[in-house]
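Chain residues, written in single-letter form:
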Amino acid sequence: MAKLVTIFGGSGFVGRYIARRMAKEGWRVRVAVRRPNEALFVKPYGVVGQVEPILANIRDDASVRAAIHGADAVVNCVGTFDAGGKNNFDAVQHEGAARIARIAAEEGAEALVHISAIGADAEGNSLYAQSKAAGEAAVLETFPGAMILRPSVVFGPEDQFFNRFAGMTRLGPILPVAGAETRFQPVYVDDVAQAAVKGILGEAQGTFELGGPDVETFRELMNRMLRVIRRRRLVLNIPFFVARIMAFSLDMVQMITLGLFNNGILTRDQVRSLASDNVVGEGAQTLADLGVEATAMEAVLDDYLYVFRPSGQYSDIKESAQNLRES
C-alpha cells in the first residue's frame, strides 16, 4: 500500500502545494483542516481517493491523534497572525505545534516537517516571532529528527502579500506601508513545497531558512509590484511611531467591538515585526543545501498579478495596439 502523509493546514497557501507534490510522489495524502467541506478542491490533486480532506483541530489531542494515526509522515503548515481569540499565537504556533510533534512521535511517524518562519526568536520583539520559536523548541524536544523550515515572505498565486497590496492600489494614488526600508527575501511557494518534500521523504533533517534569489526593501518590492500591474502610485512610508499609534487604535476597535471588527489591516505585533529584516541569516542552511533552485519573482509575478492591471488580461493586447498606432 502507498505511504500516507498527514498535512495539517493542507488546504492553505503552502499546504496545498505540498499536498499536490506528495500526490505526484504516489503517496496517499490526508489533508487535516478545520473545515473539510471548504477543502474539497484538493481531491483532484491525485487519483480518486488519493487525497482526502478530514476534520482536525490542533487544539485537541483526540482530533490530532485521529488525523495522524497510520501516517508515515506528518507536516504542520498551520500558522496564524491572530494575537487574540482561541486560535492565538500561543495556542496555534506553540501549543498546537507541540501537540502535533508529540502525537506524531507517539504514533510512530517516521518524519515530521514543521513550517516556521524566518525571524523565529525566543527573545524577538514580536509575540509572533516568540511563539514561532517556542513552537520550534517544542517540536524538537519530542521529535528531534524533525525538519524545520523557516521561509521569508512566501509569494505565489494565492499569496496574501503581493495580492493584498496590488488590490490596495485600486483605492487611490497613494500606497502606504510601514517599514518601507525593512528588507525581505521572498520565496516562491512551490520552492517551499519542494523543500518540505525532501523532509517527508527522509532525505533531509535540520533547520533551513528559505529565501529567494532577491533581497529587496519593502519599498522596492512595492515598486516591483507596481511595474508588473502597470500602475503609478506613491509608495508612502509610515514612520514607525505613527504606525504604532494607528495599530493601537485598530487593535482597540477590535477589542471594543468584541471581534466584530477584525483588524486585518495593521496590528501592533505586525509593526514590531516590521522593525526587523526578514532575510536568510548568515551561515544558515538554505534551499541550495536541499538541491532546490530558488525561483525569481520576475518569473512568477506576471502570471497572477496581471488581474490588477487597468486592462487586466487585455493589457498586453492594448499596449501592442498602441505601439502599432504610434509606429
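Refer to the preceding data block for the structure.
This structure is a prediction, so every number in the text was calculated from the model and none was measured.

1. Remarks on helix H8 (residues 240-256)
The terminal C-alpha atoms of H8 lie 24 Å apart, and with 17 residues this matches the ideal 24 Å at 1.5 Å per residue to within 8%. For H8, the full list of buried residues reads Ala243, Ala247, Leu250 and Asp251. Projection of H8 onto a plane perpendicular to its axis shows the buried side chains occupying an angular sector of 100 degrees, all on one side. Along H8, exposed side chains directed more than 90 degrees from the buried face belong to Phe241, Ile245 and Ile256. Close packing links the buried residues of H8 with strand S8 (174-178), strand S13 (234-238) and helix H9 (268-274). One or two residues past the end of H8 sits Leu258, with phi positive at roughly 55 degrees.

2. Description of unusual backbone geometry
Even without being glycine, Arg230 reaches a positive phi, approximately 60 degrees. Position of Arg230 among the secondary structure elements: in the loop between helix H7 (218-228) and S13. We classify Arg230 as partly exposed; its relative accessible area is 34%.

3. A few points about the packing of helix H1 (residues 13-24) against helix H6 (residues 189-200)
Relative orientation and spacing of two packed helices are given, respectively, by the angle between their axes and the distance between those axes. Here H1 crosses H6 at 55 degrees, and the two axes come no closer than 8 Å. Overall, the two elements H1 and H6 adopt an arrangement that is oblique. Seen along the crossing, H1 lies across H6 with a hand that is right-handed. When H1 is examined against H6, the residues Phe13, Val14, Tyr17, Ile18, Arg21 and Met22 are found in contact with a partner set consisting of Val189, Asp190, Val192, Ala193, Gln194, Ala196, Val197 and Ile200.

4. Here we look at the packing of aromatic side chains
This model, assessed by the stated rule, comprises eleven aromatic pairs. Both rings, one in Phe161 and one in Phe184, keep their centres 6.2 Å apart while their planes meet at 45 degrees; by these two values the pair is tilted. Note that Phe161 is positioned in the loop between strand S7 (154-155) and helix H5 (162-168) and Phe184 in strand S9 (residues 183-184), a separation of 23 residues in sequence. By the burial criterion, Phe161 is buried, and Phe184 matches it. Taking the centre distance of 5.4 Å and the plane angle of 85 degrees together, the rings of Phe165 and Phe218 count as edge-to-face. Here Phe165 is found in helix H5, whereas its partner Phe218 is found in helix H7, with 53 residues between them in sequence. Assigned by exposure class, Phe165 and Phe218 land together as buried.

5. So, helix H4 (residues 127-142)
Its 16 residues place the ends of H4 23 Å apart at the C-alpha level, agreeing with the 22 Å of an ideal helix rising 1.5 Å per residue. Among the residues of H4, Tyr128, Ala129, Ser131, Lys132, Ala133, Gly135, Glu136, Ala138 and Val139 are the ones counted as buried. On its buried face, H4 sits against helix H3 (89-106), strand S5 (111-115), strand S6 (147-151) and H9.

6. Focus: the sheet that holds strand S3 (residues 51-55)
Reading across the sheet, the seven strands line up as S3-S2-S1-S4-S5-S6-S11 and stay open at both edges, with parallel pairing between neighbours. Each edge of the sheet is formed by a strand with only one pairing partner; in this case those strands are S3 and strand S11 (206-210). In this sheet, neighbouring strand axes are inclined to one another by 20 degrees on average, regardless of whether the strands run parallel or antiparallel. Two elements, strand S2 (residues 28-33) and S3, share five bridges in a ladder whose sense is parallel. Directly across from Arg30, in S3, lies its bridge partner Glu52. With respect to the sheet, H3 is in contact with strand S1 (4-8), strand S4 (73-76) and S5, its orientation differing from that of S4 by roughly 180 degrees. Contacting S5 and S6, H4 crosses the sheet at an angle of about 175 degrees to S5.

Cut-off values and rules
- Residues numbered from 1 in each chain as written.
- Predicted model: local features only at pLDDT ≥ 70, side-chain atom pairs only at ≥ 80, totals over all residues.
- Heavy atoms only, no water.
- Helix = DSSP H or I, 4+ residues; strand = E, 2+ residues; numbered from the N terminus.
- Expected span 1.5 Å × (residues − 1).
- Buried < 20%, exposed > 50% of the residue type's maximum accessible area, 1.4 Å probe, protein only.
- Arc of directions from axis to C-beta.
- Contact = heavy atoms within 4.5 Å.
- Axes fitted to C-alpha atoms, helices over the stretch in contact; angles between N-to-C directions.
- Parallel < 35°, antiparallel > 145°, perpendicular 65-115°, else oblique.
- Left-handed = near helix turned anticlockwise from the far one by under 90°.
- Phe/Tyr/Trp six-rings, centres within 6.5 Å; stacked < 30°, edge-to-face > 60°.
- Pairing = 2+ DSSP bridges.

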